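Remarks on the overall topology
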Amino acid sequence: MSAALILDACLVLLVLAVAVWTIAARETFPAIAGFVSYGLLLAIVWVRLSSVDVALTEAAIGGGATGVLLLGAAARLTDRAGRRPAGIGLRIMAGALCLAITAALAFVILTLPDPAPTLAPQAVAGLPATGVGNPITAVLVAYRGIDTLLEKIVLLLAVIGVWCLTPDDSWGALPAPWGTARQDDAIVLLARLLAPVGVVVGVYIVWVGADDPGGAFQGGTILAAMWLLVMMAGLIAPLPATSRRLRRVLVAGPALFLAVAFAGFAMSGDFLSYPPAYAKWLIKLIEAALTLSIAAMVGVLVIGPAVRKR
Amino acid sequence: MLQAGGSLLVLALMLPVIGILLIMSLDARHTGKIALALMPAGLAVALAIAARVWTTQAGLEYFIGGWAPPLGVALRADGISAVMLVTTSVVIGAAGLFARAEFRQPDNQPEARAPLMFWLLLLGIWAGLNAVFLGGDLFNLYVALEMLTFAAVPLVCLSGKAETLAAALRYLLFALLGSALYLLGAVLLFGAYGTLDIALLAARIAAQANMASPVWPLALWVALALMTVGLLAKTALFPLHLWLPPAHSGAPAAASAVLSALVVKASFFLIVRLWFGMLPGLTPWLGAQLLAALGAAAILFGSVLALRQARLKLLVAYSTVAQIGYLFFVFPLAANPAASTASAALAWTGGWMQLVSHALAKAAMFMAAGLIAETLGHDRIAGLGGVARVVPITVIAFALAGASLMGLPPSGGFVAKLLLLSAAVSQGLWFWAVVMLLGGLLAGGYLFRVLSPALGPLPAGWTPAARIPRDRQAVALVLALGAVLLGFAPLKSYDLLQFGRPAIAGAVTR
Amino acid sequence: MTAEQLYGLCGAGLVGLGLFGLITAELPLRRIVAFNLLGGGAFVVFGVIARRGAAAGLGGDPVPQALIITGVVVGFAATALAVTLVRRLHEETGTTKFDQDELPPETVKLSDATLSGGNP
């Protein structure tokens, strides 16, 4: 057993232990703290699985944005689990079912075909037609661009769904905790110092994403974090769901993507195809617009809707 | 290279998306108008696709961006996709007309929440449905399923009442569990076969089965089981139906109509895609019988609970739990290795007829139930006395839709159940036939519970809680008439359901 | 055992744990956390499949890697919607527990329901 494998085994055990804690912890808050570390550990797993792009996404979303959402909710909900946990019969049955599924999955994973089927050679072979150097970006924006386009609609629907949960009398009001800016010096300083740096980093990650790990989603999430930070510091006001400006930023990316996709019919014969001469620039343009929209979407999803005035 | 007919498939998928983007970026005054304007366009595209499938007698296929699978994503439309696309645009269009007055932005006032959200979410559901019916790639279909979930769940709690919030949360948790299991199955299939394209998967699975020792690899079994269970949770097949009645009865009537008529059918459609499209001629017989057994349990259980409901909308929702059950008879009856090709084709047609006639009838019924509740100010069945005298058109629509659900001749529901029944009898699977007959009787019972007081005398001194405009009642009536008239469709037109259908008789028994 | 197999087993374990939490947790927020564990497990399995497909000078098959990114994003959106729903429910009712009763209230006895038309 090599040293690397021992390291991997330790990482796997740690991930599983944190997962068990997350499920078993009695109180919600420590369970969610466990989940945040789970997200960060998974990011390391992704690096070990040679997926730096996924690691960046996992750290930004899995540990970051999702963690903020869950922690924010846990802090506000006063619910406690009852004295009596779920019936022991249910737990045994669920445990047996889950064990069976894990065992079946484990068996399937250990007996996957060798050599493994792969699309890597085809993905690399298609790169010249797209003009980008990062095959993952090529998959996301060219080969399977339709997934990315529909995923943006999924995000947009999630934003609509979150807004839909605004009480009728608060439609147009500012989202709750951000409406009252706390003038905490430390956070204002942090926002003033970090936000410009963060924006540069976010833009950089998108810019290099065409050829190196990174891309619209990772960059957009960082921009969203900076937006949240300056709002938290009270430096700018949050935007209500009725803000036309906010809505246009939300749809800008998907709309441009869709327009270029339809233009593909005229330019190169197919929906969502790019003429090779302009492919790289069109893709960069789409990524830039998507980044802006993603930042707005993630921001809105984390902030949540306006809540009822008390 | 313009792939023939491909632009139609792209257009069907993207029209509702364009609507969402337009509504989000324009003034709220235009919301309803944009959505309603897109509906005839969507119907025209769906009809054009159906016409193309009909004339070419084969499926349409489009590789997005010109990238062929396995690297790229294919859209495909066969006979059943075409029928589903048309049904969807009819029901969505009807829901739009029905909701037009209810979800109008108030003039000269600030934008209101509910109308804006209703139209956006309705278009979201439409986009998700079309993506499911056209999707040829398992991961793309996962995204499509999520579109559907994210649009359907907020519609359930559009009113913001506490009980609808709880219903929506329960629905969301079931749906998320379903998507996670579905995704896991798709992941395993990619690991085993190196593609997510259903047609390529079918070819690779068949090639493996034709080898000297046809073994069913465990990966395929596990993946199929995970995906099927996940999709059953979204279809609300017994015993995974718990979320459906509160969710479908709590939504606004127009939304309930769409949820019950179409949304639960989308995941059923995908199960059929997997069991028949991905495994042509290999459908596992035991599994098919198990699905039918769950369907039978759903019919009996759902019908008995419908009989016991005190509220009209819940009765209609439990009737959906029961009617979904009939769909699952397709699995054993159309994949029976011992059945003749003709008998299997009969069952196949019967299953899709059941789906379409239930879609029209149930949409009509939810609309009618909504209108009755508006007139009376409540939907307690005990207080329905004489409502037929107040909103006669609505009660006629309810009765006609009910006739189709019961399977009374000459309705579409009658033809559907007759086809399934005769397939069951001719294949010697008479116990499924008995359940179908029992289900029809029980449906008669719960519909009688509604119609008997509704046709009775009005209580003295009764005043309506709201006046119901004729055009809204007419929408429900037209849908119900559609469900009935489906029974008169010429036999030749059923052929559409068979185009592009994989050979299904001769399943492997294991 | 290879590192891929090790991580594959890790993914399988996470799926089982997440599923267990999703079925048995009492509080919706905990179910949402469990759903994220389950999703994480599914993505790790996918990541292992991607890693096994390393070829053409790449550390893994870029197609599943890209799909994982899309999947993580969709999972985040689902979490956001679910959390917002839980918070609103809490705001309206003061609790988030919602499925204590398996049957909706107000059902009538079968014997009363059948042919009497439900009329009093």
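Residues numbered from 1 in each chain as written. Chains lettered and ligands numbered in written order. Predicted model: local features only at pLDDT ≥ 70, side-chain atom pairs only at ≥ 80, totals over all residues.

Some remarks on the overall build of chain C
Where we set the bar: Helix and strand definitions here come from DSSP, where helices need a minimum of 4 consecutive H or I residues and strands a minimum of 2 consecutive E residues; each element is numbered from the N-terminal end. To sort residues by burial, count the other C-beta atoms lying within 10 Å of each one's C-beta; a count of 20 or more means buried, 12 or fewer means exposed, and anything in between means partly exposed. C-beta atoms are built from the backbone. We call two residues in contact whenever the C-beta atoms placed from their backbones are within 7 Å.
Per the secondary structure count, chain C includes four helices and zero strands. In chain C, the succession of α and β elements from N to C terminus is α-α-α-α. The 120 residues of chain C split such that 69% are buried. In chain C, the share of contacts with a sequence separation of at least 24, taken over all contacts with a separation of at least 6, comes to 48%.

Here we look at the overall build of chain B
To keep things clear, this is the line we draw: For the radius of gyration, the atom set is restricted to C-alpha positions; the globular benchmark scales as 2.2 Å times the number of residues to the power 0.38.
Check the secondary structure of chain B and you find 20 helices and two strands. For chain B, the C-alpha radius of gyration of 22 Å lies close to 24 Å, the compact-globule estimate for 510 residues. Dimensions of chain B, computed from C-alpha atoms along their principal axes, come out at roughly 80 × 55 × 40 Å. Counting every position in chain B, which comprises 510 residues, the buried fraction comes to 68%.

Points about helix 3 (residues 62-93) of chain C
The cut-off we apply is this: Helix span is expected to be 1.5 Å times the residue number reduced by one.
Given a rise of 1.5 Å per residue, 32 residues ought to cover 46 Å, and the 46 Å separating the end C-alpha atoms of helix 3 of chain C matches this to within 8%. Judged by how many residues are buried, helix 3 of chain C sits mostly within the fold: 29 of 32 residues are covered.

As for the environment of Val36 of chain A
Residues and elements named next belong to chain A. The residue Val36 is located in helix 2 (residues 28-48) in this model. Residues Val36 and Thr22 lie 14 residues apart in sequence; the distance between their C-alpha atoms is 9.5 Å. Apart from the residues within four sequence positions on either side, Val36 is in contact with Gly63 and Gly67.

Remarks on the interface of chain C and chain A
Applied cut-off: Three classes are used: nonpolar for Ala, Val, Leu, Ile, Met, Phe, Trp, Tyr, Cys and Pro, charged for Asp, Glu, Lys and Arg, and polar for all others, with Gly counted as polar.
Across the boundary between the two partners, chain C contributes 68 residues, which contact 81 residues of chain A. Of all the secondary structure elements, the ones that give two or more residues to the side of chain C that touches chain A are helix 1 (3-24), helix 2 (28-52) and helix 3 of chain C. Residue contributions to the side of chain C that touches chain A peak at 23 residues, all from helix 3 of chain C. When grouped by side-chain class, the residues that make up the side of chain C that touches chain A number 40 nonpolar, 19 polar and nine charged.

Notes on the interface of chain C and chain B
Each side of the interface is counted separately: chain C has 40 residues, and chain B has 39 residues. Looking at the side of chain C that touches chain B, the elements that each hand over two or more residues are helix 1, helix 2, helix 3 and helix 4 (110-113) of chain C. Among the elements that make up the side of chain C that touches chain B, the one with the highest residue count is helix 3 of chain C (14 residues).

Structural notes on the environment of Leu141 of chain B
Residues and elements named next belong to chain B. Locating Leu141 in the fold gives a position in helix 5 (residues 138-156). Given 26 C-beta atoms within a 10 Å radius, Leu141 is considered buried. Distance from Leu141 to Leu196, taken between C-alpha atoms, is 9.9 Å for residues 55 residues apart in sequence. In this view, Leu141 contacts Val132, Gly135 and Leu270; residues no more than four positions away in its chain are not counted.

Let's talk about the confidence of the model for chain B
Residues and elements named next belong to chain B. As a reminder, the rule being used: Per-residue confidence from the prediction method is given by pLDDT, with values spanning 0 to 100.
Mean pLDDT over chain B: 91, with 96% of residues reaching 70 or higher. When pLDDT is averaged over each element of chain B, helix 5 comes out on top at 97 and helix 20 (residues 495-498) at the bottom at 83. Note that residues 504-510 has pLDDT below 50 and, in this model, 22 contacts with residues that lie over four places away or in other chains.

Things to note about the packing of helix 10 (residues 253-278) of chain B against helix 14 (residues 341-376) of chain B
Residue and element names in this part refer to chain B. Keep this limit in mind: All axes are obtained by fitting lines to C-alpha atoms, using only the stretch in contact for helices, and the reported angles, taken between N-to-C directions, cover 0 to 180 degrees. Should an angle fall under 35 degrees it is taken as roughly parallel, and over 145 as roughly antiparallel, whereas 65 to 115 is taken as roughly perpendicular and any remaining angle as oblique. Handedness of a helix crossing follows the sense of rotation of the near helix relative to the far helix, less than a right angle counterclockwise being left-handed and clockwise being right-handed.
Put simply, helix 10 and helix 14 touch, their axes get as near as 7 Å, and they point 160° apart. Between helix 10 and helix 14, the interaxial angle falls into the category roughly antiparallel. Handedness of the crossing formed by helix 10 with helix 14: right-handed. Across the interface between the two elements, Ala253, Ala254, Ser256, Ala257, Ser260, Ala261, Leu262 and Lys265 of helix 10 pack against Leu355, Ala359, Lys362, Ala363, Phe366, Met367, Ala369 and Gly370 of helix 14.

A word on the packing of helix 12 (residues 312-327) of chain B against helix 18 (residues 430-454) of chain B
Residues and elements named next belong to chain B. Where helix 12 contacts helix 18, the two axes come as close as 11 Å, and the packing angle between them is 170°. Taken as axis vectors, helix 12 and helix 18 run roughly antiparallel relative to one another. Residue-level inspection shows Leu312, Leu315, Ser319, Ala322 and Tyr326 of helix 12 in contact with helix 18, the latter providing Met436, Gly439, Ala443, Tyr446 and Val450. Grouping the constituent residues of the contact of helix 12 with helix 18 by class yields eight nonpolar, two polar and no charged.

Notes on the pairing of strand 1 (residues 60-63) of chain B
Residues and elements named next belong to chain B. Our working definition: We treat two strands as partners when DSSP finds at least two bridges between them.
Side chains Leu60 and Tyr62 of strand 1 all project onto a buried face; the interleaved residues Glu61 and Phe63 project onto the opposite face, where all are buried too. Across four bridges, the pairing between strand 1 and strand 2 (residues 74-77) is antiparallel. If you follow Phe63 over to strand 2, its bridge partner there is Ala74.

Considerations on the nonpolar core
What counts here: What we call a nonpolar core is a set of buried Ala, Val, Leu, Ile, Met, Phe, Trp, Tyr and Cys residues whose membership is set by joining through C-beta atoms within 7 Å. Residue ranges assigned to the domains are those given by an automatic or database domain assignment.
Membership of the largest hydrophobic core comes to 384 residues, with the highest contact counts inside it found for Ile49, Met147, Val258, Ala364 and Met367 of chain B together with Ala77 of chain C. If one sorts the elements of this core by residue count, helix 6 (residues 162-193) of chain B sits on top with 24 residues. A domain split of this core shows at least three residues from each of domain 1 (1-83) and domain 2 (119-310) of chain A. Non-local contacts of Val258 of chain B, meaning those with residues more than four positions away in its chain, are made with Val91, Ile92, Ala95, Leu122, Ile125 and Val263 of chain B.

Observations concerning unusual backbone geometry
Residue and element names in this part refer to chain B. Cis geometry marks the peptide bond from Pro69 to Pro70, where omega comes out at 10°. Here Pro70 lies in the loop between strand 1 and strand 2. The backbone phi angle of Gln57 is positive, close to 55°, even though this residue is not glycine. Position of Gln57 relative to the elements: it lies in the loop between helix 2 (31-56) and strand 1. For Gln57, a count of 12 C-beta atoms within 10 Å puts it in the exposed group. One non-glycine residue, Asn108, lies in positive phi territory at about 50°.

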